[in-house]
Amino acid sequence: MPRLDLTLDEVRGLVGGGEIVGDPGFLCAGLAPLESAGPRDLSFVKDRRYLEAAAGSRAGALLVPEPIDGFAGHQLVVTAPLAAFARILARIAEEARRQPAGIHPAAEVHPAAKIGEGVTVGPGAVVREEAEVGDGSVLYANVYLGQRSRIGRRSVLWPNVVILEDVVAGDRLVVHAGAVIGAEGYGYAQLDGRHVKVPQVGSIVIGDDVEIGALATIDRATIASTTIGRGTKVGDLAHVAHNCRVGEDVLILPTVALSGSVTVGDRAILAGRAGTSDNVTIGEGAVLGGTSVAFRDVPPGAVMWGNPAREKTLEIRIQAALARLPEMQRELRRLRRRLEES
Amino acid sequence: MPRLDLTLDEVRGLVGGGEIVGDPGFLCAGLAPLESAGPRDLSFVKDRRYLEAAAGSRAGALLVPEPIDGFAGHQLVVTAPLAAFARILARIAEEARRQPAGIHPAAEVHPAAKIGEGVTVGPGAVVREEAEVGDGSVLYANVYLGQRSRIGRRSVLWPNVVILEDVVAGDRLVVHAGAVIGAEGYGYAQLDGRHVKVPQVGSIVIGDDVEIGALATIDRATIASTTIGRGTKVGDLAHVAHNCRVGEDVLILPTVALSGSVTVGDRAILAGRAGTSDNVTIGEGAVLGGTSVAFRDVPPGAVMWGNPAREKTLEIRIQAALARLPEMQRELRRLRRRLEES
Amino acid sequence: MPRLDLTLDEVRGLVGGGEIVGDPGFLCAGLAPLESAGPRDLSFVKDRRYLEAAAGSRAGALLVPEPIDGFAGHQLVVTAPLAAFARILARIAEEARRQPAGIHPAAEVHPAAKIGEGVTVGPGAVVREEAEVGDGSVLYANVYLGQRSRIGRRSVLWPNVVILEDVVAGDRLVVHAGAVIGAEGYGYAQLDGRHVKVPQVGSIVIGDDVEIGALATIDRATIASTTIGRGTKVGDLAHVAHNCRVGEDVLILPTVALSGSVTVGDRAILAGRAGTSDNVTIGEGAVLGGTSVAFRDVPPGAVMWGNPAREKTLEIRIQAALARLPEMQRELRRLRRRLEES
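What comes next is a walk through the structure. (Residues numbered from 1 in each chain as written. Chains lettered and ligands numbered in written order. Predicted model: local features only at pLDDT ≥ 70, side-chain atom pairs only at ≥ 80, totals over all residues. Heavy atoms only, no water.)

Superposition record for chain C on chain A: RMSD 0.0 Å, screw rotation 120°, translation along axis 0.0 Å. Taken together, the rotation angle and the small translation identify this as a three-fold axis. When C-alpha positions in chain C are compared against the rotation axis, the closest is assigned to G124 of chain C, at 3.6 Å. Interface residue correspondence from chain C to chain A reaches only 18%, placing this contact among heterologous pairings that use different surfaces. (Least-squares fit on C-alpha atoms with pLDDT ≥ 70 in both. Contact = heavy atoms within 4.5 Å.)

Quick look at the structure:
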């Protein structure tokens, strides 16, 4: 479990306020999940539903959305405990991932690249001609940033990330290890029974505060741009094909695959391994359930489930009926026989 | 949008002929998709179905399969507009991706490797003993080419591609960033309740004109060879397991997974996230729909859909019936009651 | 096919015993699969079911579980032919993959890292501060081993593997090319309609004899540990999300995806592209079929199939009934009409 070594009062300073119930001088030695936290640990209660369960916790201190009466330890009352806890985790992450500043001598940064203030570039990383790296960004070892590509300020490219040419991203971009941004989409023309490559020479445009998971692939457009809107989060091993237009604050969970030219509206959620066929539109705020596949457009706000995806309540009824399908079949046979006999 | 800056007559030269309707001296400043092309852009009409829609396009010039009567701009009439357009894209790609020739001083090329004429090897790339790289090939940064592996002429290995030992590929191989060719397949023997590794020491043989997507994995055979036939195209994040035998001109779309020892006939198409179980054969020219999974052999020319995959027309009828399944169930209950009452 | 060049008697020594039926001096020139083995090749008969088929093999010599009467070549009788054959393959693999010992001058090993005896570190590999590499381990080119991470003895990290900070693994760990261990899980808190990152600062603990496939992702825990038990084998492109607890001797086949906080019991098997939703438990020894998805807990020893996963025998009956569903629907319509007419 991670070390913290801050007093509850210092924790209050770190998370930006809150009311302490108990001793502000209590030393939070470490962090732990609610169920395993001990008397020297700080933990948190995600929301009101867990308050009762938390009363019996052995944690030394808790971040809570409202004071818990029966709880024996110390409490810091905040409006959004998970978000506050996230700030503490960010502090721990910062410590654990501290990088040596500057450009490592074994990095290859082109003289015509533009490197901001306070940038870290690890060994083996390559920054090509006319690429730009914003202030305070970190490129880990063996990262590749292609010609004319730009990442904004305070971005992090984890080891072995590949961003190819002509990709433009905003500030605070995080790309996890091994992800590939800007490979050519799957485009072929059929000519005399052979597949002729259609080179993909478009670009990718990524907004601020985007996070891309490990080993995810975002393909460049054929001639226009593949776009990923501000605040959108893409999970590990996910695939966004060429010419997709993904809106803002979209959640694309791990192993999701978007086919070519798909449009995803703002705040839509694609759960684990969801997918789509080419050219469909997932409406604003729509939800596509885990492993569900949209072969047609999904209306804004709709909640769809199954493969092919159907309105969730219908899909649930279908699945329930399916479990009785063999029985239905026997029943149908019995009815026919009775009808024939009568 | 990409710059072009060629006259229509120069475009005709580039695509290898065609008939100009309009001004051969018209300057095509850029390329754009049909729907967004402006008066200085060149665009294209994929095939005859789109001719009518194209008549109203604002594009300055169009590649067309036959002259459009009402179109206000200039036209270049060619037999296969998409393939012709692909040649123009190839010229743009060539410009955008121009590499410095030669072996970068930070590359590790073994003295016993054989490097052809006009080869580019980027920084951090490793070429192991007895490996061979054909004339005019490009190895981007941090590529790994294993012992005794060979790639043919005019091939491209994008950054961080890993080709392990004893992989033999033809000419014009393209492997996109981060793909892994030659990892060991998933092979274990069960002994006293433990899983004992069965080392995979076979090879991979890849024909000419093969393209492998970003972060795809092609596993080596146990003792013989995994094979990928000439002209076959494998998409991003696709998986070809050990001992597979994939034919020529096969389309394996992104996120498809072939299990061990699968045979795929020439010109078969496996759409996005299609899959198979071990040892099945997908017949020549067969089509397996998106997310469909073949647990049994697919006959040549068959079009299969669903999980488990069924003949497509049957699967469509099943899916239509499924949407009415809860209603069928109620209907069945009503019928039984009426029969019991009568 | 791989060369062997050992006499049958030497093969007996290599596999640790067995009884020779035929000439101990017979030279096994190469290895080949049973169906393609020639008179100079050694092959093997996996188990008793294949004995009859093997009698007609053209192989020069066979590893067999019991002597085959009609077989013309030489035989080595062993209790577990596949496991014995695996030892021969291991010898061939050792030859084919021999690495130069020592730390390559183009590797970046931090002075505060702890490197065991007889370790190989390839060019471009990075070993960060306080990382530890056990005796006899091999890190191929461009591998990244993060701060404070430890791998045990005789481990192999193939090219471009990324192990981030605070990952602790046992002996004989094998990680195939490009896999990423220790990326942050997909964790966000919702605050004012935006997704706020919950940094993942936990660790990963991996037992002895674990193997991780190419381009697989194992995510670190939020604050505790993601765990992979001794002897567990994870396939290519598989995904193990944050906070998962995977038992011992588990088989996670290629392209399987475990969602967050999933528990998998010892000796469970998740077949190709199987999946789960968050927080489910797959019981000890349970089997989840290919492409099957567990939305609920799977009891120990259960065999589940389908999406959503159901008890296998039920799922088989459902799938059989489904093929007749359009016919059932017509039948139901006929019955209703007859009932209405009567």
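That was the structure; now back to the text.
Across the contact, 62 residues belong to chain C and 65 residues belong to chain B. For the pairing of chain C and chain B, the buried interface totals around 5100 Å² over both sides, and the portion due to carbon and sulfur atoms is 65%. Per-residue buried area on chain C facing chain B is highest for R273, L332 and L339 of chain C; these three make up 12% of the total on that side. Counting every contact that joins chain C to chain B gives 5 salt bridges. Elements with a contribution of two residues or more to the side of chain C that touches chain B: α3 (81-96), β27 (233-234), β30 (251-252), α4 (312-323) and α5 (325-341) of chain C. Taken together, the residues of the side of chain C that touches chain B break down into 39 nonpolar, 12 polar and 11 charged. (Buried area = accessible area lost by both parts, 1.4 Å probe. Salt bridge = Lys/Arg side-chain N within 4 Å of Asp/Glu carboxyl O. Helix = DSSP H or I, 4+ residues; strand = E, 2+ residues; numbered from the N terminus. Nonpolar A, V, L, I, M, F, W, Y, C, P; charged D, E, K, R; others polar.)

Once that is clear, we can look at empty space enclosed by the protein. Throughout the structure, instances matching the rule amount to 7 cavities of 30 Å³ or more. The calculated volume of the largest cavity comes to roughly 200 Å³. Its residues assigned to classes, the lining of the largest cavity shows 10 nonpolar, 4 polar and 3 charged. Approximately 90 Å³ is the volume found for the second largest cavity. (1 Å grid on protein atoms, 1.4 Å probe; cavity = no way out; pocket = protein on both sides within 12 Å on 5 of 7 lines; lining within 4 Å. Points joined across faces, edges and corners; volume = space filled by probe spheres on them.)

With that settled, the discussion passes to the packing of aromatic side chains. What the rule picks out here adds up to 12 aromatic pairs over all chains. Between Y186 of chain A and Y188 of chain A, the aromatic rings sit 5.0 Å apart at their centres with planes inclined by 80°, giving edge-to-face as the arrangement. With a relative accessible area of 16%, Y186 of chain A lands in the buried category. Exposure remark for Y188 of chain A: the relative accessible area of 14% places this residue in the buried category. By way of ring pairs, the aromatic residues Y140 and W158 of chain A together with Y144 of chain C are connected into one cluster. Here the basic side chain of K312 of chain B rests over the ring of W305 of chain B, its NZ or CZ set 4.4 Å away from the ring centre. (Phe/Tyr/Trp six-rings, centres within 6.5 Å; stacked < 30°, edge-to-face > 60°. Buried < 20%, exposed > 50% of the residue type's maximum accessible area, 1.4 Å probe, protein only. Lys NZ or Arg CZ within 6 Å of the ring centre and 35° of its normal.)

Tracing the backbone shows H239 of chain C in strand β28 (residues 239-240). Residue class for H239 of chain C comes out buried when judged on its relative accessible area of 3%. Only 2.8 Å separates the side chain of H239 of chain C from the side chain of T217 of chain C, close enough to count as a polar contact. When neighbours within four sequence positions are excluded, H239 of chain C is seen to be in contact with D236, L237, P254 and T255 of chain A together with T217, D219, V256, A257 and L258 of chain C. (Polar contact = N/O pair within 3.5 Å; in protein donor to acceptor, adjacent residues only side chain to side chain.)

The pairing of strand β18 (residues 167-169) of chain C with strand β23 (residues 203-206) of chain C spans 3 bridges and is parallel. The partner of V168 of chain C across the bridge, within β23 of chain C, is V205 of chain C. (Pairing = 2+ DSSP bridges.)

In an α-helix there are 3.6 residues to a turn, and that puts residues three or four apart on one side. Residues and elements named next belong to chain C. An ideal rise of 1.5 Å per residue puts 16 Å on 12 residues; α4 measures up with 17 Å between its terminal C-alpha atoms. What α4 keeps buried is the set E315, I318, Q319, A321 and L322. Considered in projection along α4, the buried side chains sweep an arc of 160° and stay on one side of the axis. (Expected span 1.5 Å × (residues − 1). Arc of directions from axis to C-beta.)

Spanning 16 residues, helix α3 (residues 81-96) of chain B covers 22 Å between terminal C-alpha atoms, matching the ideal 22 Å at 1.5 Å per step. Within the span of α3 of chain B, buried status applies to P81, L82, A83, A84, F85, A86, I88, L89, I92, A93 and A96 of chain B.

We now examine the sheet that holds strand β4 (residues 41-44) of chain A. All names here are of chain A. Strand order in the open sheet formed by 6 strands is β1-β3-β4-β5-β6-β2, with mixed pairing between adjacent strands. The outermost strands of the open sheet, each flanked by one partner alone, are β1 (3-7) and β2 (19-21). Along the sheet, successive strands turn relative to each other by an average axial angle of 30°, direction set aside. Pairing of β2 with strand β6 (residues 74-77), which is carried by 3 bridges, proceeds in the antiparallel orientation. Paired with V21 across the strands is Q75, a residue of β6. Sheet strands touched by helix α1 (residues 8-15): β1, β2, β3 (27-31), β4, β5 (61-64) and β6. Its angle to β1, the strand with the most contacts, is close to 100°. Its contacts with the sheet place helix α3 (residues 81-96) against β1, β3, β4 and β5, and it is angled at close to 140° to β4. (Axes fitted to C-alpha atoms, helices over the stretch in contact; angles between N-to-C directions.)

A word on the interface of chain C and chain A. Taken together, the 65 residues of chain C in the interface contact 62 residues of chain A. Carbon and sulfur atoms supply 65% of the area that chain C and chain A bury against each other, a total of about 5100 Å² over both sides. When the buried surface of chain C facing chain A is broken down by residue, Y186, H195 and I223 of chain C rank first, second and third, together holding 15% of it. Summed over the shared surface of chain C and chain A, the result is 5 salt bridges. Of the charged contacts in the structure, one is a salt bridge between D249 of chain A and R194 of chain C, with a shortest N-O distance of 3.6 Å. Looking at the side of chain C that touches chain A element by element, the count peaks at 7 residues for α5 of chain C. Within the side of chain C that touches chain A, the residues separate by chemical class into 34 nonpolar, 15 polar and 16 charged.

We now examine the relation of the copies chain C and chain B. Least-squares fitting of chain C to chain B yields an RMSD of 0.0 Å, with the superposition described by an axial translation of 0.0 Å and a rotation of 120°. When the interface residues of chain C are mapped onto chain B, a mere 19% of them again lie at the interface, so each copy presents a different face.

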